[in-house]
Structure formats: structure tokens, C-alpha cells
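Structural features, examined
If you want the building blocks of each chain, they are given just below.
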Amino acid sequence: MQNQSKIAFFIAILSMLFISCDGNRVYDEYTSVGTSWDKETSLNFKFQQPDSTNRYNLFVNVRNTDEYQFRNLFLIVNMNFPNGNVVSDTLEYEMAKPNGEWLGKGMTTKESKLWYKEDVRFPYQGMYEVTIQQAMRKINEPDGIQSLKGISEVGFRIEKK
């Protein structure tokens, strides 16, 4: 009986550790872009207002493969508030070191957790929506890259500060 109690206690401790490892997560969703990300395709992430008294950090998560040909990534991110306001940001993220070594974590697919906004409050009740579009361009090509290869998934994450 005593060994069974010890085993049950050990399993309970392990379960709490796994659950609490991501205790700051409020929202965390991914969308697959398939084999390429079309420049006209917006990825949408909808969520209900988190606790308005807390502050949050917001992230864009990107999973890429070796097929991605660039060191950086340009994104247009819009946050749509329930009251109709929209905040639009054009963001640039470094995805690889100058020697080509990926900055993300992982073996074949690299995952990058990219800062979007820090110390954010959500003051309005209702549904919020974040939309993300790729905005990559090659030098001297103003129309941009129509079909961006090498990005497999894009996510949006909210964490308690």
C-alpha cells in the first residue's frame, strides 16, 4: 500500500509540473498556411476579452522549414477591438543569423516566438481579432512575394505578464 501511495504522489507531482509549465498562457492558437503563404491571405485569431485588470504580453509564433529563403520576415498585424478600433503594425523579425543559422528552436521545423506587444490591457468587453499577413518583398520588386514558401504555421499567443 505504501508503494502505491508513493507512486500516486509522484504522478500527481509530475502532472502539476507539466500543467504549470505553461501557466502564463491565456490564448495560444496556430493556423497552417500549407506549402506556401499567399500575400493576400490573412490569418485570423479571435478571442474573448481576457481579464481587463491584468496586463499581457503578446507574441506571433512562426514555424518555418529550411525552404524559407530569407533572414528576416515582414508581417502586417492588425488588432481589431470590439469597439471598432483597429491598431495596425508593420513588423520585421530576424529569423536567421548572418551565417544562415536559424534562430528558432527545433530540429527540422524551427519555431520562433516573436514579440508583438508588451504590457497590454484589453479594456473592452467582447471579441477581439488579430489578423496577420506576410509582407515580404525582394529588393527592387515593389509588388512583394505572392507565394512565400517555407513558413508552415503561424500562431498568436497571449501570456499573463
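For the structure, see preceding data.
Turning next to unusual backbone geometry. Its identity is not glycine, yet Asp119 carries a phi of approximately 60 degrees, on the positive side. Looking at the element boundaries, Asp119 is found in strand S7 (residues 110-120). Relative accessible area serves as the criterion here: at 30%, Asp119 is assigned to the partly exposed category. Positive phi, normally seen in glycine, also occurs at Asn140, with a value near 65 degrees. Positionally, Asn140 belongs in the loop between strand S8 (127-134) and strand S9 (147-149).

With that out of the way, let us pick up the side chain of Asn61. Among the secondary structure elements, Asn61 is positioned in strand S4 (residues 56-64). For Asn61, the side chain forms a polar contact with the side chain of Tyr30, separated by 3.5 Å. Not counting residues up to four positions away in its chain, the partners in contact with Asn61 are Asp28, Tyr30, Ser112, Lys113, Leu114, Glu153, Val154, Gly155 and Arg157.

Turning next to the sheet that holds S7. The sheet built from four strands is open, its strands ordered S1-S10-S4-S7 with antiparallel pairing. On the outer flanks of this sheet lie strand S1 (25-32) and S7, each paired with one strand and no other. Neighbouring strand axes in the sheet, compared pairwise and without regard to direction, differ in orientation by 15 degrees on average. Relative to S7, S4 is paired through eight bridges, and the arrangement is antiparallel. Within the sheet, the bridge partner assigned to Val60 lies in S7 and is Leu114.

Taking strand neighbours across the sheet as the criterion, the four strands line up as S3-S8-S5-S6 in an open arrangement whose pairing is antiparallel. A single partner strand is all that each edge strand has here, and the edge strands are strand S3 (43-48) and strand S6 (86-94). Adjacent strand axes in the sheet meet at a mean angle of 20 degrees, parallel and antiparallel pairs treated alike. Bridge analysis of strand S5 (residues 72-80) against S8 gives six bridges, and the strand direction is antiparallel. Opposite Ile76, over in S8, you have Gln133 as the bridge partner.

What follows covers the environment of Glu159. Inspection of the secondary structure puts Glu159 in strand S10 (residues 151-160). Taking relative accessible area as the criterion, Glu159 reaches 11% and is therefore assigned buried. Taking C-alpha positions, Glu159 is 5.5 Å from Tyr56, a pair spaced 103 residues apart along the chain. Side chain to side chain, Glu159 and Arg157 meet in a polar contact 2.6 Å long.

Relative to S6, S5 runs antiparallel, the two sharing nine bridges. Note on S6: the bridge partner recorded for Leu75 is Leu91. Where S5 folds back on S6, the antiparallel hairpin that results is connected by five residues, among which Gly84 adopts a positive phi of roughly 100 degrees.

Cut-offs used in this document
Residues numbered from 1 in each chain as written. Predicted model: local features only at pLDDT ≥ 70, side-chain atom pairs only at ≥ 80, totals over all residues. Heavy atoms only, no water. Helix = DSSP H or I, 4+ residues; strand = E, 2+ residues; numbered from the N terminus. Buried < 20%, exposed > 50% of the residue type's maximum accessible area, 1.4 Å probe, protein only. Polar contact = N/O pair within 3.5 Å; in protein donor to acceptor, adjacent residues only side chain to side chain. Contact = heavy atoms within 4.5 Å. Pairing = 2+ DSSP bridges. Axes fitted to C-alpha atoms, helices over the stretch in contact; angles between N-to-C directions.

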